[in-house]
Amino acid sequence: NSRFSLLWALAIYTCIIGCAMVAWALKPCLSNCPSTWIGMAMLWLAGIGAILLAAFPTDDTYVRTLSGKVHNDAALTTFALLGAAMVVLAPAFRASPSLGRFAGVSVLLGVLVTASWVTYLVTTLRQIHIYAPAQRILVALITTWFVLLALHLRHAATVRPRRNLRSVV
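Now for a quick tour of the structure. (Residues numbered from 1 in each chain as written. Predicted model: local features only at pLDDT ≥ 70, side-chain atom pairs only at ≥ 80, totals over all residues. Heavy atoms only, no water.)

Moving on: the packing of helix α2 (residues 34-55) against helix α3 (residues 66-88). The interhelical angle for the contact between α2 and α3, taken along N-to-C directions, is 155 degrees, at an axis separation of 8 Å. The orientation of α2 relative to α3 falls into the category roughly antiparallel. Crossing handedness for the pair α2 and α3: left-handed. Residues Ser 35, Ile 38, Gly 39, Met 42, Leu 43, Leu 45, Ala 46, Gly 49, Ala 50, Leu 52 and Leu 53 of α2 form the contact with α3, whose participating residues are His 71, Ala 74, Ala 75, Thr 78, Leu 81, Leu 82, Ala 84, Ala 85 and Val 88. (Axes fitted to C-alpha atoms, helices over the stretch in contact; angles between N-to-C directions. Helix = DSSP H or I, 4+ residues; strand = E, 2+ residues; numbered from the N terminus. Parallel < 35°, antiparallel > 145°, perpendicular 65-115°, else oblique. Left-handed = near helix turned anticlockwise from the far one by under 90°. Contact = heavy atoms within 4.5 Å.)

Right under this line is the structure:
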């Protein structure tokens, strides 16, 4: 509900696509361990939460509507799931030959996302007017994780040895 509403809508739809694409891209890189499937489930659930964020607009006044409540609850849940997924996926990253170096970055960003999420939660519930900067920092940290992970995945794809079809036959 600001002059940047189009940008926020674009960001939400990008998050939806990002959650799905990262989960899809990570699948062949990670082993089949509990950390992988729990983290992946969190990513998929965060994507569903982002769909709710996009479908239900926030309130532009202090009057609470059902749409605004769904939006706010989905935002809090989506951000919490993304922060937790960053930490939960770290052992799976560490065990991956191509993503091992990303594990520490993922934990650090996950902890920072969780800390900013707590700040956002407290300031939103108490209606302290710094909730907007807390939300922006939270979104910036999540975006940073997605971008850094995408760069690591791209690097892993270029270094991964390609199988020669003749040697398979």
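The subject of this paragraph is the side chain of Asn 72. Within the secondary structure, Asn 72 is located in helix α3. The buried category is assigned to Asn 72, whose relative accessible area is 19%. For Asn 72, the contacting residues outside a window of four places in its chain are Thr 58 and Arg 64. (Buried < 20%, exposed > 50% of the residue type's maximum accessible area, 1.4 Å probe, protein only.)

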